[in-house]
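Structural characterization, general
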Amino acid sequence: MSGWPNLADLIVGADAAARVALVGAPLAAGSVTPGHCDQAPALLRQTLRRIGRYNVETQRELSTLVADRGDANIEGLSIEEATGPLRGAVRSSVGRHELTLLVGGNNAVTRPGVLGLELPLERVGLVTLDAHFDMRDTGEGLSNGNPVRALIEDGLPGANIAQVGLASFANTRTMHEDALAAGNLVITMSEVRSDGIMAAINRALAHVRHCDAIFVDCDIDVVDRSQFPAAPGGRPGGMAAHVFFAAVRRLAAEPRVPVIDLTEWDPPLDSTDLSALTAGRWVAECLAGFEMR
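Below, the structure is looked at part by part.

The rules behind each value
Residues numbered from 1 in each chain as written. Predicted model: local features only at pLDDT ≥ 70, side-chain atom pairs only at ≥ 80, totals over all residues. Heavy atoms only, no water. Buried < 20%, exposed > 50% of the residue type's maximum accessible area, 1.4 Å probe, protein only. Helix = DSSP H or I, 4+ residues; strand = E, 2+ residues; numbered from the N terminus. Pairing = 2+ DSSP bridges. Phe/Tyr/Trp six-rings, centres within 6.5 Å; stacked < 30°, edge-to-face > 60°. Contact = heavy atoms within 4.5 Å. Disulfide = S-S within 2.5 Å. Core = buried A, V, L, I, M, F, W, Y, C linked by side-chain atoms within 4.5 Å. Salt bridge = Lys/Arg side-chain N within 4 Å of Asp/Glu carboxyl O.

**A look at the pairing of strand β11 (residues 259-263)**
In terms of residue burial, β11 counts as a mostly covered element, since five of its five residues are buried. Here β11 shows two buried faces, one formed by Val259, Asp261 and Thr263 and the other by Ile260 and Leu262. Sheet topology note: the strand β6 (residues 99-104)/β11 ladder contains four bridges and is parallel. The partner of valine 103 across the bridge, within β11, is leucine 262. Relative to β11, strand β10 (residues 213-219) runs parallel, the two sharing five bridges. Directly across from valine 216, in β11, lies its bridge partner isoleucine 260.

Next up, the structure:
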């Protein structure tokens, strides 16, 4: 693709001076639905050359360099064992870059990502784009189904948590009631459709306006299954891809956001390149939003 400016052009080495970084978090352990989310970071890197840099809507070309800091060394580790290395990888990246793109891996990477900010949790906000509450019980250990509950148990106040895109017939009453009892802002997929994604994101940001830093969790199963078939938890009736892209760009434009993750992409579930291209576009939207700061 010589002569066609694409996202791969913006990737530089880990030690380069870059305002944005990419960190791979190839974690598959502890998935409620066993799979191969650990393959996602490598496929994302391969896909970047297929995503252009020019936005016809804004007439701007993306120019922000992205330091590829490689993958955290967590092969074969449980979630509990991987938490320390993932937390350290995020800590190191946040210390050098204004925005870190944390590429999972399953949704269990979100908790060490938040902890990697190394701030008192009462100062940290969490905004999730996710079909699920991620409020499964932690009594039997950590999983990709309970990072939000685990963070609440760590001390993250519900007043600091906004959850956008929650799906019907994909959660339980107990999870919903526990989220509300904790003080989480809950915005359903139905509300996103009726009120619009910008209204939903504005509500989410208002909910965490008192926080010094905001971690954004993009669980890709929020996207409609027909538009992202490689998400094990994706369901019909989810968020349209273009709506997801708009949400990501708006959140990336928020100066208090130091980390955005992408989780629950299981490449072998999609025999086409649809899911990979959607994930690649996520990178473009993160950079487009960042360049609006």
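**Focus on the packing of aromatic side chains**
Counting across every chain of the model gives two aromatic pairs. Centre to centre, the rings of phenylalanine 228 and tryptophan 265 are 6.3 Å apart; their planes meet at 75 degrees, and the pair counts as edge-to-face. Linking phenylalanine 228 in the loop between β10 and α8 (241-252) with tryptophan 265 in the loop between β11 and α9 (274-290), this pair joins segments that are 37 residues apart in sequence. Like phenylalanine 228, the residue tryptophan 265 is buried in the burial classification. Measuring from centroid to centroid gives 6.1 Å for phenylalanine 244 and phenylalanine 245, while their planes differ by 55 degrees, and the two rings are tilted. For the pair phenylalanine 244 and phenylalanine 245, one class covers both residues: buried.

**Points about the pairing of β6**
Counting buried positions over the six residues of β6 gives six, a clear majority of the element. Taking every second residue as pointing to the same face, both faces of β6 are buried, with Leu99, Leu101 and Val103 on one and Thr100, Leu102 and Gly104 on the other. Sheet topology note: the strand β2 (residues 20-25)/β6 ladder contains six bridges and is parallel. Within the sheet, the bridge partner assigned to valine 23 lies in β6 and is leucine 102.

**Some details on the side chain of arginine 149**
Counting through the fold element by element, arginine 149 comes out in helix α4 (residues 147-154). The residues contacting arginine 149, other than those within four sequence positions of it, are Asp134, Met135, Arg136, Asp137, Thr138 and Asp178.

**Structural notes on the state of the cysteines**
Note on terminology: a disulfide is the covalent bond linking the sulfur atoms of two cysteines. In the structure shown here, the tally under the stated rule is zero disulfides. Unpaired in terms of disulfides, cysteine 218 finds its nearest cysteine sulfur in cysteine 286, a separation of 6.2 Å. Residue class for cysteine 218 comes out buried when judged on its relative accessible area of 0%.

**A closer look at the sheet that holds β11**
Here nine strands make up an open sheet; going across it, the order is β1-β5-β2-β6-β11-β10-β7-β8-β9 and the pairing parallel. Looking at the sheet topology across the chains shown, the edges are occupied by β1 (11-12) and β9 (185-188).

**Comments concerning the environment of methionine 135**
Position of methionine 135 relative to the elements: it lies in the loop between β7 (124-129) and α4. Relative accessible area serves as the criterion here: at 3%, methionine 135 is assigned to the buried category. As a C-alpha pair, methionine 135 and alanine 159 span 24 residues in sequence and 16 Å in three-dimensional space. Other than its neighbours up to four places away in sequence, methionine 135 contacts Gly145, Asn146, Val148, Arg149, Ile152, Met175, Asp178 and Ala179.

**Considering the nonpolar core**
Counting 59 residues, the largest nonpolar core has Leu129, Phe244, Ile260, Trp265 and Trp282 as the members making the most contacts within it. Looking at this core element by element, the count peaks at nine residues for α9. In this structure tryptophan 282 touches Leu101, Val103, Cys218, Phe244, Phe245, Val248, Ile260, Asp261 and Leu262, once residues within four positions along its chain are discounted.

**Concerning the pattern of salt bridges**
Taken as a whole, this structure holds 17 salt bridges when the rule is applied. Two residues, arginine 45 and aspartate 68, come together in a salt bridge whose shortest N-O distance is 2.8 Å. In this pair, arginine 45 is assigned in helix α1 (residues 40-47) and aspartate 68 in strand β5 (residues 66-71), connecting sequence segments 23 residues apart. The partner of arginine 87 in a salt bridge is glutamate 118, with the nearest N and O atoms 2.9 Å apart. Taken together, the residues span a long stretch of sequence, with arginine 87 in helix α2 (residues 79-94) and glutamate 118 in the loop between α3 (110-115) and β7 at a distance of 31 residues. Overall, arginine 87 belongs to the partly exposed group, its relative accessible area being 28%. Relative accessible area serves as the criterion here: at 36%, glutamate 118 is assigned to the partly exposed category. Each of Asp9, Arg53 and Glu61 takes part in a single network of salt bridges with overlapping partners.

**Considerations on α4**
Within the span of α4, buried status applies to Pro147, Val148, Arg149, Ala150 and Leu151. Those residues of α4 that are buried lie in contact with α3, β7, β8 (161-166) and α5 (173-182). At the exit of α4 stands glycine 155, carrying a positive phi of roughly 120 degrees.

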